[in-house]
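Per-entry structural report
Single-letter residue listing:
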Amino acid sequence: MAYPKILTIQDISCVGQCSLTVALPIISACGVETCVLPSAVLSTHTGGFTGFTFRDLTEDMPAINNHWKKEGISFDAVYTGYLGSAKQISYVKEIVATSKKENAPFIVDPAMADNGKLYVGFDAEFVNEMKGLCKNADYLIPNITEACFLTDTEYKAEYDREYIDMILEKLCQLGCKNIIMTGISYKEGTTGVVIMENGEYKYYEHEKLSNSCHGTGDIYASAFVGALSRGKSAYDAAKIAADYTVECIKITANEENHWYGAAFEPVLSYLINEINK
Ligand code: PXL
């Protein structure tokens, strides 16, 4: 599809370079019309700031969906990220069921955890509901921590291929069709992305940088969605997203006091070139 129209559902963190403030510019830059449904509005993200505000938009969702139904609005893909409440997940399922075109992909980034821990504000009930959403995913984009929570697996910071294969197998059993698992490092100095596309294991290895930034999961997922929507295969989209994320992390290393996010804007032209190749 030359000019697809997609919907992304995730929060607006007013400050912090994550979620919608990342997804909207990145997917738009890929040449894709990007409609948004904010799951919540926060003054900042929750990863490192304290005292942030949080406006849950769960109860706005049914009326928004009803309006879209009346208008006959539908989407060529739906991509979900950080969601505002466990209850919201049932509304999100309904929105996907009614507004996603038949055979259009449903992409889920189960944004809820990292480094072995759930983000502030999430609990076992939320994880359980998220499992139910991931079941329906055509493409699931978890990091290892999220994959562990989704499959009731003990999180390990060091692991081998067997451990990753076991998690992938459990995610397939959960019902996820294609899986793109980020931040998988089998040896020092490199990291990579595992892509399970139509039951086939592929691995794209790339440079591991010494600095790490908050929000790179959202940058990665957004670039993946943009590339996939422009007709790239899951493997090619996963590779483009990985290379772009590396460019973002590299350029952020030059910035002082930029711990809260990655400088994705100055290297958007790199992504656009890759998408249009
Ligand atoms: O980047 C994931 C994310 C999205 N939205 C909010 C967050 C986080 C991670 O901490 O706090 C509000």
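Our structure is the block above this text.
This section reports on the structure supplied with the text. Because the structure is a prediction, the values reported are computed rather than measured.

As a further point, take the pattern of salt bridges. Across all of its chains, the model carries 11 salt bridges by this definition. Two residues, Glu94 and Lys69, come together in a salt bridge whose shortest N-O distance is 4.0 Å. Note that Glu94 is positioned in helix H3 (residues 86–99) and Lys69 in helix H2 (residues 61–71), a separation of 25 residues in sequence. Salt-bridge contacts for Asp138 lead to Lys177; the nearest nitrogen and oxygen are separated by 3.8 Å. Of this pair, Asp138 sits in the loop between helix H4 (124–134) and strand S8 (139–140) while Lys177 sits in the loop between helix H6 (161–174) and strand S9 (178–181), and the two are 39 residues apart along the sequence. In this structure Asp138 comes out as buried when scored by relative accessible area, which is 18%. In this structure Lys177 comes out as partly exposed when scored by relative accessible area, which is 47%.

What follows covers the pairing of strand S1 (residues 5–15). Bridge count for S1 against strand S2 (residues 33–44) is nine bridges, and the pairing is parallel. Note on S2: the bridge partner recorded for Leu7 is Cys35. Crossover S1 to S2 through helix H1 (residues 20–29) is right-handed. Two strands pair when backbone bridges link them, and S1 and strand S4 (residues 77–80) are joined in this way by four bridges, in the parallel orientation. Bridge pairing in S4 places Thr8 opposite Tyr79.

According to the stated counting rule, one finds zero disulfides in the structure shown. Cys35 takes part in no disulfide bond, and the closest cysteine sulfur, belonging to Cys30, lies 15 Å away. Classification of Cys35 as buried rests on a relative accessible area of 19%.

Moving on: the packing of H2 against H3. Running from amino to carboxyl end, H2 crosses H3 at an angle of 5 degrees, the nearest separation of the two axes being 10 Å. Between H2 and H3, the angle is such that the two are roughly parallel. Only Gln88, Tyr91, Val92, Glu94, Ile95 and Thr98 of H3 make contact with H2, whose side of the interface consists of Met61, Pro62, Asn65, Trp68 and Lys69. Looking at side-chain class alone, the contact of H2 with H3 contains six nonpolar, three polar and two charged residues.

The ligand sits among Asp11, Ser13, Cys18, Ser19, Leu42, His45, Thr46, Gly47, Tyr82, Tyr119, His214 and Asp218. Within the side chain of Asp11, one N or O atom sits 2.8 Å away from a nitrogen atom of the ligand. The separation between an oxygen atom of the ligand and a polar side-chain atom of Thr46 is 2.6 Å. Burial of the ligand by the surrounding chains reaches 98%, relative to a free accessible area of 310 Å². Among the residues forming the shell around the ligand, the class breakdown is four nonpolar, six polar and two charged.

Parameters at a glance
- Throughout this document, residue positions are counted from 1 along each chain, in the order its sequence is written.
- Local features in a predicted model are, by the rule used here, given only for residues with pLDDT of at least 70; side-chain atom pairs are given and counted only at 80 or more, and totals for whole chains, interfaces and linings are based on all residues.
- Remark: hydrogens and water are excluded; side-chain values derive from all non-hydrogen atoms of the structure.
- For this analysis, a salt bridge means a side-chain nitrogen from Lys or Arg found within 4 Å of a carboxyl oxygen belonging to Asp or Glu.
- In DSSP terms, a helix is any run of H or I states spanning at least four residues, a strand is any run of E spanning at least two, and both are numbered starting from the N terminus.
- When a residue's accessible area, from a 1.4 Å probe over protein chains only, is under 20% of the maximum for its type it is buried; when over 50% it is exposed; and in between it is partly exposed.
- In this analysis, strands are considered paired if DSSP registers two or more bridges between them.
- Here the term right-handed applies to a crossover when the path leading from its first strand over the helix to its second strand runs clockwise, the strands being oriented away from the viewer.
- Any cysteine sulfur atom paired with another within 2.5 Å is treated as part of a disulfide.
- Axis definition: a line fitted to C-alpha atoms, limited for helices to the stretch in contact. Angles are taken between N-to-C directions and run from 0 to 180 degrees.
- Note on angle classes: values under 35 degrees are labelled roughly parallel, values over 145 roughly antiparallel, values of 65 to 115 roughly perpendicular, and the remainder oblique.
- For this analysis, residues touch if any pair of their heavy atoms sits within 4.5 Å.
- When residue character is reported, Ala, Val, Leu, Ile, Met, Phe, Trp, Tyr, Cys and Pro are called nonpolar, Asp, Glu, Lys and Arg charged, and the others, Gly included, polar.
- Only heavy atoms are used to decide nearness, and a residue is near a molecule or strand if one of them lies within 4 Å of it.
- Nitrogen and oxygen atoms within 3.5 Å of one another constitute a polar contact, given that in protein one can donate a hydrogen and the other can accept it, and given that sequence-neighbouring residues count only through two side-chain atoms.
- Only the protein chains shown count as cover for residues, and the accessible areas themselves come from Shrake-Rupley with a 1.4 Å probe.

Nothing here speaks to function; it is all geometry.
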